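Next come the chains, spelled out residue by residue.
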Amino acid sequence: MTRGFQSLGDDMKLTGRRRRQRDTAPNNTTTSHTAAPADRRAKSDISDQVPQTVADAAARVVATRTDPLADLRALPVPPARGWATAGGGRDHHVGSATLWQGTSTQLAGLYPFVGGSGSRVRGVPIGHDLHTHEPVGLHPGDWLKSGLITNTGMWIQAQPGVGKSAFAKRLGTGLVSMGWMLFVPADVKGEYSPLISRLGGTVIKVGRGHDAINPLDPGPLGAVLAREPAGRRREALAESIRARQTALLEGLLLLELDRQPSPIERNIVSRALDVATDATLDGQPTIPEVREVLDQAPRKLLDAARVEGRVERYFDLMRPVLSALDLLCDGPLRGLFDQRSTATLDPSSPATSLDISALDEETDEVVAAAMLCSWAWGSGMIEARQAGAGRNILWVQDEAWRALRTGPGLVEKSDRMTRLNRHKGVASVYLTHSMDDLEALPSAEDRAKARGIASRCAIHVYGGLPASELDSLAVTLSGREAEMLASWQSAGTWVPGQRHPGRGLYLIKAGERAGLPVRMHLHRRELDLYNTDAAFQTRRAA
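Read on for a plain summary of the structure. (Residues numbered from 1 in each chain as written. Predicted model: local features only at pLDDT ≥ 70, side-chain atom pairs only at ≥ 80, totals over all residues. Heavy atoms only, no water.)

## Some remarks on the packing of aromatic side chains
Quick reminder of the rule: Any two of the Phe, Tyr and Trp rings considered here, Trp counted by its six-membered ring, make a pair once their centres fall within 6.5 Å; the pair's planes then place it as stacked at under 30 degrees, edge-to-face at over 60, or tilted in between. Geometrically, a charge over a ring is one whose NZ (Lys) or CZ (Arg) sits within 6 Å of the ring centre while staying within 35 degrees of the ring normal.
With the rule as written, the count across this model stands at 4 aromatic pairs. One Lys or Arg, lysine 169, reaches over the ring of tyrosine 192 and ends 5.1 Å from the middle of that ring.

Take a look at the structure:
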């Protein structure tokens with residue numbers, strides 16, 4: 001600015017000197033008039049070069065500066081590492097931020113938060129993430145549609161008393177509200193009955209003095225078959241019913257024979273089942289009726305046995321099977337599964353449970369037979385749903401290994417009757433305390449198949465577990481996840497009245513992703529419905 005003012009002063013001195021020379025010059029009348037225009041142009045050029053104001057002089061001295069990042073700054077959001085140009089804030093590495101946690105009151109200036117763990121609510125709200133406090137949801141059907149999983153199988157494993165059944169009940173309750181059906185085919189302890197009743201569902205209690213179910217009853221699938229006109233579809237439904245009934249009879253025979261039925265025994269039993277079915281009006285034979293057909297030894301069975309009409313040879317082949325059926329009808333299971341059903345399954349019911357808690361004090365053989373019959377009876381509802389007469393189903397199998405360890409080959413039988421794939425609209429939930437439950441199965445083949453069931457499940461939910469069991473799980477855990485599960489498995493103090501550290505805490509795994517550690521809080525009504533410790537709680541007298 002000083003140089004500008006000095007230049008302005010010099011210009012003004014030069015102009016004043018020229019004005020004085022013009023005023024003192026003699027009046028020369030001989031001056032050519034042709035020089036006047038040139039003088040006027042010169043004077044005009046000089047006046048154009050002279051700044052008229054101080055602002056004009058300053059504008060000529062100070063050059064206008066341009067923003068080299070103007071085009072980049074016009075972009076909506078810069079790249080994560082900055083613009084690759086001078087002054088663009090470019091950095092060779094952007095480190096991860098430190099995780100902090102606080103309420104909107106404490107961190108009001110940063111709320112609403114723009115970062116999270118990457119999880120979002122999908123379906124039934126399970127709880128809040130332990131690290132980010134984000135809500136975490138679970139919906140097998142939605143996870144399948146969105147590509148997070150490839151099947152709807154779910155494996156839930158934890159120590160007793162930390163909330164395995166509470167997790168399954170919360171999930172079932174939420175799915176029922178979303179239009180699904182909750183189905184518990186063999187409730188050994190009867191712990192799902194209060195929830196089923198509260199949901200407006202159907203509780204069928206099986207046992208002496210209670211309801212009886214006919215395991216050969218096709219159930220809802222029979223009603224679908226009755227409405228189906230003659231054709232290939234009807235034939236397919238009839239064959240599906242027959243396959244379920246045959247698998248169940250073979251499973252029951254396995255319990256009594258303590259071995260797999262031979263091929264000729266299976267062939268003759270299936271032929272006897274056809275004869276007994278044809279003799280009924282509604283296509284619902286009973287086990288005593290099948291035994292009666294075997295005792296009568298009709299020509300159709302003799303031909304199937306290839307004994308050339310010799311009845312004595314036929315009975316020599318079928319005597320073990322007939323003795324096993326005698327035990328089913330007149331032995332420990334008498335009155336349970338040897339008569340027509342006194343209850344029916346309703347596919348439109350929001351929830352259904354087959355309560356076999358009345359048999360809890362019986363032998364494992366009786367419980368196993370009851371579970372097999374319940375599975376076979378309930379699987380008809382799955383087939384009915386696939387035929388268009390039902391809704392999506394959450395199939396909960398709790399304490400299943402108690403039945404499967406009774407005899408060799410039962411894992412294959414149960415898998416055949418309850419193989420619920422995603423194309424049938426069914427999500428299977430398996431609950432167990434430990435992988436050691438699978439080691440109690442009678443044969444190495446059964447143990448391998450049971451581990452295969454666990455490995456095929458796309459969703460794994462783990463509660464508190466001892467450190468010794470972490471290496472045997474069906475999924476791979478990170479070091480942090482393993483330490484977390486081990487820290488949940490037992491309390492660190494002998495002071496009574498302290499909350500178990502792992503109660504209500506779960507790690508949800510899907511594939512090789514990092515697990516979601518979740519804490520679930522129960523509503524006061526859920527505390528009553530999900531309570532499995534009621535027998536040890538003191539009740540005040542009325």
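## Some remarks on the pairing of strand β1 (residues 124–129)
For clarity, the threshold we go by: Strand pairing is defined by DSSP finding a minimum of two bridges between the two strands. Strands are runs of DSSP state E lasting at least two residues, helices are runs of H or I lasting at least four, and both sets are numbered from the N terminus onward.
Of the pairings in the sheet, the one linking β1 to strand β2 (residues 135–138) comprises 4 bridges and is antiparallel in character. If you follow proline 125 over to β2, its bridge partner there is glycine 137. In terms of strand pairing, β1 meets strand β11 (residues 516–519) through 2 bridges, oriented antiparallel. Note on β11: the bridge partner recorded for aspartate 129 is valine 518.

## A word on the pattern of salt bridges
Selection rule: Any carboxyl oxygen of Asp or Glu within 4 Å of a side-chain nitrogen of Lys or Arg constitutes a salt bridge here. Each residue is assigned to one of three classes by its accessible area relative to the maximum for its type, calculated with a 1.4 Å probe on protein chains only: buried under 20%, partly exposed between the two thresholds, exposed over 50%.
Inspection of every chain in the model, using the stated rule, returns 11 salt bridges. Two residues, aspartate 303 and arginine 299, come together in a salt bridge whose shortest N-O distance is 3.4 Å. Of this pair, aspartate 303 and arginine 299 both sit in helix α12 (residues 299–305), 4 residues apart, roughly one helical turn. Its relative accessible area of 44% is what places aspartate 303 among the partly exposed residues. By sharing partners, the salt bridges in this structure join Arg291, Asp326 and Asp330 into a single network.

## Section: the pairing of strand β7 (residues 393–398)
Most of β7 sits inside the fold, with 6 of its 6 residues counted as buried. The pairing of strand β4 (residues 181–187) with β7 spans 3 bridges and is parallel. Paired with phenylalanine 183 across the bridge in β7 is tryptophan 395. Alignment of β7 against strand β8 (residues 426–432), held across 6 bridges, turns out to be parallel. Each bridged residue has a counterpart across the sheet, and for tryptophan 395 the counterpart in β8 is serine 428.

## A word on the environment of valine 366
Short version of the rule: Residue contacts follow a heavy-atom distance rule, with two residues in contact if any of their heavy atoms lie within 4.5 Å.
In this fold, valine 366 is placed in helix α14 (residues 364–389). The class for valine 366 is buried, based on a relative accessible area of 1%. Separated by 30 residues in the primary sequence, valine 366 and leucine 336 place their C-alpha atoms 9.8 Å from one another. With residues near it in sequence (within four places) discarded, valine 366 still touches Pro332, Leu333, Leu336 and Leu359.

## Description of helix α13 (residues 311–330)
For clarity, the threshold we go by: Helices are assigned an expected span. That span is 1.5 Å times one less than the residue count. Here the bend at a residue is taken as the angle between two axes, fitted respectively to the seven residues that end there and the seven that start there.
Under the 1.5 Å per step criterion, the end-to-end length of α13 is only 25 Å for 20 residues, more than 12% shorter than the ideal 28 Å. Along α13, the sharpest change in direction is near 55° and occurs at methionine 318; proline proline 320 comes one to four residues later. Here α13 has its buried residues at Tyr314, Leu317, Met318, Val321, Leu322, Ala324, Leu325, Leu328 and Cys329. At its buried positions, α13 is contacted by α9 (232–257), α10 (263–278), α11 (287–296) and α12.

## Some words on the sheet that holds β8
Stated formally: Comment: axis = line fitted to C-alpha atoms, over the contacting stretch for helices; angle = value between 0 and 180 degrees taken between N-to-C directions.
Overall, mixed pairing links the 11 strands, which are arranged β2-β1-β11-β10-β9-β3-β8-β7-β4-β6-β5 in an open sheet. Two strands lie at the open edges of the sheet, namely β2 and β5 (202–205), each paired on one side alone. The average angle at which neighbouring strand axes cross in this sheet is 25°, direction not considered. As judged from the 4 bridges shared by strand β10 (residues 505–510) and β11, these two strands associate in the antiparallel manner. Bridge pairing links leucine 505 to arginine 519 in β11. Running at roughly 130° to β1, helix α6 (residues 164–177) makes contact with β1, β2, β3 (154–157), β4, β7, β8, β9 (459–462) and β10 of the sheet.

## Remarks on the packing of α9 against α10
Basically, it comes down to this: When an angle is under 35 degrees it counts as roughly parallel; over 145 it counts as roughly antiparallel; between 65 and 115 it counts as roughly perpendicular; any other value is oblique. Handedness of each helix crossing follows the sense of rotation of the near helix against the far helix: counterclockwise by less than a right angle gives left-handed, clockwise gives right-handed. Lys, Arg, Asp and Glu make up the charged group, whereas Ala, Val, Leu, Ile, Met, Phe, Trp, Tyr, Cys and Pro make up the nonpolar group; the residues left over, Gly among them, are polar.
Running from N to C, α9 and α10 cross one another at 130°; their axes reach a closest spacing of 10 Å. The pairing of α9 with α10 is recorded here as oblique in orientation. Helix-helix and strand crossings are classified by hand; for α9 and α10 the assignment is right-handed. In this structure, α9 uses Arg242, Gln245, Thr246, Leu249, Glu250, Leu253 and Leu257 to contact α10, whose residues at the interface are Glu265, Arg266, Val269, Ser270, Leu273, Asp274 and Thr277. Here the contact of α9 with α10 is built from residues that sort into 5 nonpolar, 4 polar and 5 charged.

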